[in-house]
Amino acid sequence: MKTEETQCKATDKCCNATEEQMAGIRKAIDLYVEAAVKGDSKIAEAAFAKTATMSYSDNDTLVSVPIKVLFDYYDNDCPQEASYEISACSVAEDAAIVRIESKFGEAEFSDMFSMVKDGNDWKIVSKIYHLK
């Protein structure tokens, strides 16, 4: 059953998503950020698909790794202050592309997530980032 779309809010930058979709998307991203704040990868595991990947460019070379690399970072190099703001997203029923501007410690990032709805939860299946 299709639900009514929410009115566009400047803070969401996701005009084609319902309130329910945005709540689920934010829940997953909140877990991703909370894991860094608390230094606990177990928190982030609930936000990611088991087969999720993380990709980035290192000296103009594509690097793609299993999401476990991010989890190891949380467990070894955190806790730290972290924050984010959704800067853009597009939702097509049970699939979404979400971009956030984030800060972890002193480092600032543009993070892009491919997300898919899994039952009642949204899962991040791919994280791509750029270090500003």
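Anything mentioned here points back to the structure above.
In this report, we go over the structure that sits alongside the text. (Residues numbered from 1 in each chain as written. Predicted model: local features only at pLDDT ≥ 70, side-chain atom pairs only at ≥ 80, totals over all residues. Heavy atoms only, no water.)

### Brief notes about the overall build of the chain
Along the backbone of the chain there are three helices and six strands. Moving toward the C terminus, one meets the helices and strands of the chain in the order α-α-β-β-α-β-β-β-β. Split into buried and exposed, the 132 residues of the chain put 39% on the buried side. Summarising the internal contacts of the chain: among those between residues at least 6 apart in sequence, 46% fall at separations of at least 24. (Helix = DSSP H or I, 4+ residues; strand = E, 2+ residues; numbered from the N terminus. Buried < 20%, exposed > 50% of the residue type's maximum accessible area, 1.4 Å probe, protein only. Contact = heavy atoms within 4.5 Å.)

### Thoughts on the pattern of salt bridges
All told, the structure shown has six salt bridges when counted by the stated rule. Glu101 is the partner of Lys132 in a salt bridge, and the nearest nitrogen-oxygen pair spans 2.6 Å. With Lys132 in the segment after β6 (121-131) and Glu101 in strand β4 (residues 95-104), this pair connects stretches of sequence that are 31 residues apart. Judged by relative accessible area, which is 52%, Lys132 ranks as exposed. (Salt bridge = Lys/Arg side-chain N within 4 Å of Asp/Glu carboxyl O.)

### A few points about the nonpolar core
Within the largest apolar cluster, 34 residues are counted, with the highest numbers of intra-cluster contacts made by Ile25, Tyr32, Phe48, Tyr74, Val98 and Met115. Among the elements that make up this core, the one with the highest residue count is helix α1 (residues 19-38) (nine residues). Sequence-distant contacts of Val98, defined by excluding residues within four places in its chain, comprise Ile25, Ile29, Ile86, Ala88, Cys89, Asp111, Met112, Phe113 and Met115. (Core = buried A, V, L, I, M, F, W, Y, C linked by side-chain atoms within 4.5 Å.)

### Observations concerning the pairing of strand β1 (residues 48-58)
Sheet topology places β1 next to β6; four bridges connect them, and they run parallel. The partner of Phe48 across the bridge, within β6, is Ile124. Between the antiparallel neighbours β1 and strand β2 (residues 61-66) lie two residues, among them Asn59 with a positive phi of about 55 degrees. (Pairing = 2+ DSSP bridges.)

### Here we look at the sheet that holds β4
If you trace the six strands from one edge of the open sheet to the other, you get β2-β1-β6-β5-β4-β3, paired in mixed fashion. The two strands at the open ends of the sheet, each matched to only one other strand, are β2 and β3 (82-92). Adjacent strand axes in the sheet meet at a mean angle of 20 degrees when their direction is disregarded. Pairing of β1 with β2, which is carried by six bridges, proceeds in the antiparallel orientation. For Thr53, the partnering residue across the bridge sits in β2 and is Pro66. In the packing of α1 onto the sheet, the strands contacted are β1, β3, β4, β5 (107-118) and β6, and the crossing angle to β3 comes to about 150 degrees. (Axes fitted to C-alpha atoms, helices over the stretch in contact; angles between N-to-C directions.)

### As for the environment of Lys127
In this structure, Lys127 sits in strand β6. Lys127 sits in the buried class, given a relative accessible area of 4%. In sequence terms Lys127 and Leu70 are 57 residues apart; their C-alpha atoms lie 9.8 Å from each other. What Lys127 contacts, discounting residues up to four positions off in sequence, is Tyr32, Phe48, Thr53, Met54, Ser55, Leu70, Asp111, Met112 and Phe113.

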